[in-house]
Amino acid sequence: MELNNVKEAFGAALPDDGAAVDVLIAGAGPTGLALGIDLARRGVRALIVERQDRLSAGARGTGVQPRTQEVYDDLGVLDTVRAAGGLYPKTAVWKDGRITETTEMIERVDPTPAVPYSNALMVPQFRNQELLYDRLRELGGEVLFGTELTAFDQDSAGVTARLRHADGTERTVHGAYLVGTDGGRSTVRRALGARMSGPSLEPGAVLLADVRVDGLDRDHWHRWPLANGGFVSLLPLAGTDWFQSFIVAFTEAPDISPETVHAQLVAHTHLAAEQIREVLWTSLYRPRAGMVDAYRHGRVFLAGDAAHIHSPAGGQGLNTSVQDAYNLGWKLGQVLRHGAPDILLDSYHAERHPIAGRILDTSTRLHRSRELRRGRDLHQLDIGYRDSPLARELRTDLTEGIPVAGDRAPDAPCSTADGRPTRLFDAFRGPHFTLLDLGGTGVDDTALPAAPGLLRLVRVGGPVPDLLDTGGHIRDAYGPGPAVLLIRPDGHLALAAPPEDATAQVTAALGSYLGTGLAPAAR
């Protein structure tokens, strides 16, 4: 099936029973949508099914961390997301009807050549999802709304799933793989019998709501401390005339009706009843934290909240979830489209499970401490996979501070051979691997076992350069010596090797991602 036909085939209705897809994705939240985008651009036939009849409402998680912005850059959605969002404003603390203090709760960080997106971006989750969905459809993908995955079986050939539509009719779909991105109450996780374990959080409940309010400026994140240690806050949501309300005041779960939200805001702020014009959406959050022991169960994978649940403290949940999808998507593409061995998919758990454990510890610590200041340690730019079975670091003369195999590959402004400004992220962008030849290593691209379009060779310096390090930013980011660096499709270093025998080293590294018997790519 051609990529542009995916929408036509799966958009309005499911095909006849027995229809096959490459990947079935259960859940159309940010995780499922990001995975669908990544698979669509790789020509992988994916079907996303969503139990609800539309995308989820509510601002929910609003923080898009710098590393996730880099993911969005690669997926082709960053410009629209940045246009829809904004930076978090300063926090204004209210007492007795007046602002008594203003603080910079979200640290502002200047961008650098290596880190062009240096601040958390505030985007309502409903808008985030809409933009991801628009990008998915632009690539020919679609979501089958009002369709619930009710059961599935798997064998060595694939997964057979039973789907129920809103009208009660049922259909069967076969897929090579199934990915559960269906949230904290995941049907896929329950069907697998996978249990979550993690730290216990003190009981309580937080009432969330999106509201329209008069009489508050939109230049601050407004906060009212409460005598019981809780607080009420109203965050102006970028791109809307709404505020997101957090009411942290309950030991027992309250009624989540609009009337209750209205009454609580009147009781705990200086706002009069008539100033709270409309309550548009409400939800209840109970603190939970945990993660599954295994992200892979045969041909079934768990990602996002289906695999790990965190306190929202620190804004890590959505970002970790999107990056799960980003890690898994290219690996599924390699197996399904480029003949990579199925064992490559085991690295998804090996790489992402430890990250979830780290994020779980961080968010739990912040939740318990009630510390509200947020710094660059939450940007997720330092997340890497040095201990991954895919990481090959072969250099011995390493300069302190430069990235090694498994680390995120930094950006760097540079220029093309004819003098046009560009940057490394422009070379990385897309579903391919990137081979950086730094300083003329003599790597022979015609001898490399990579299919056309899968590997992009970029020579930096040397006798026949593609890029010129005019400002020295590539040298600053990657070190001064000649080297050959293989960048994975998700922007992490797969291989870092000295110039000696560079072609053989790259060929060996590519063997982890390709099937056997591939001829050298035609150039």
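Our structure's up above, just so we're on the same page.
Residues numbered from 1 in each chain as written. Predicted model: local features only at pLDDT ≥ 70, side-chain atom pairs only at ≥ 80, totals over all residues. Heavy atoms only, no water.

1. Focus: the overall build of the protein chain
Thinking step 1. Regarding its fold elements, the protein chain presents twelve helices and 29 strands.
Thinking step 2. The C-alpha atoms of the protein chain give a radius of gyration of 24 Å, which matches the 24 Å a tight globule of 523 residues would have.
Thinking step 3. Principal-axis analysis of the C-alpha atoms gives the protein chain an extent of 75 × 55 × 40 Å.
Thinking step 4. In the protein chain, once contacts between residues fewer than 6 apart in sequence are set aside, the share between residues at least 24 apart is 70%.
Thinking step 5. Carbon and sulfur atoms form 49% of the exposed surface of the protein chain, whose accessible area is close to 21,300 Å².
Thinking step 6. Looking at charge distribution, the protein chain has the averaged site of its 53 positive side-chain charges lying 2 Å from that of its 65 negative ones. (Helix = DSSP H or I, 4+ residues; strand = E, 2+ residues; numbered from the N terminus. Rg over C-alpha atoms; globule rule 2.2 N^0.38 Å. Contact = heavy atoms within 4.5 Å. Areas by Shrake-Rupley, 256 points an atom, 1.4 Å probe, with all protein chains shown as cover. Lys, Arg positive; Asp, Glu negative; His and termini not counted. Charge placed at Lys NZ, Arg CZ, Asp CG, Glu CD.)

2. What about the packing of helix α3 (residues 66-75) against helix α8 (residues 317-338)?
Thinking step 1. In contact at an axis separation of 10 Å, α3 and α8 are set at 40 degrees when each is read in the N-to-C sense. The angle between α3 and α8 places the two elements in the oblique class. Considering how the two elements wind past one another, α3 and α8 form a crossing that is left-handed. Contacts from R67, T68, V71, Y72, D74 and L75 of α3 reach α8 at N319, V322, Q323 and Y326.
Thinking step 2. Class assignment for the residues of the contact of α3 with α8 results in five nonpolar, three polar and two charged. (Axes fitted to C-alpha atoms, helices over the stretch in contact; angles between N-to-C directions. Parallel < 35°, antiparallel > 145°, perpendicular 65-115°, else oblique. Left-handed = near helix turned anticlockwise from the far one by under 90°. Nonpolar A, V, L, I, M, F, W, Y, C, P; charged D, E, K, R; others polar.)

3. Things to note about the pattern of salt bridges
Thinking step 1. Counted under the stated rule, the structure contains 35 salt bridges.
Thinking step 2. A salt bridge links D342 to R296; the nearest nitrogen and oxygen atoms lie 2.7 Å apart. Separated by 46 residues along the polypeptide, D342 in the loop between α8 and α9 (346-369) and R296 in strand β19 (residues 296-297) bring together distant segments of the chain.
Thinking step 3. Look at D342 and you get partly exposed, because its relative accessible area is 31%.
Thinking step 4. Note on R296: relative accessible area 16%, which makes it buried.
Thinking step 5. Across the salt bridge formed by D490 and R488, the nearest N and O atoms sit 2.7 Å from each other. Here D490 matches R488 in class, with each residue buried. (Salt bridge = Lys/Arg side-chain N within 4 Å of Asp/Glu carboxyl O. Buried < 20%, exposed > 50% of the residue type's maximum accessible area, 1.4 Å probe, protein only.)

4. Here's the deal with α3
Thinking step 1. With ten of its ten residues buried, α3 lies for the most part within the structure.
Thinking step 2. When α3 is considered as a whole, its buried residues turn out to be P66, R67, T68, Q69, E70, V71, Y72, D73, D74 and L75.
Thinking step 3. G76 sits one or two residues past α3 and shows a positive phi near 85 degrees.

5. Some words on the nonpolar core
Thinking step 1. In terms of nonpolar packing, the biggest core is built from 113 residues, with Y478 and L486 touching the most fellow members.
Thinking step 2. Looking at this core, the element that brings in the most residues is α8, giving eight residues. (Core = buried A, V, L, I, M, F, W, Y, C linked by side-chain atoms within 4.5 Å.)

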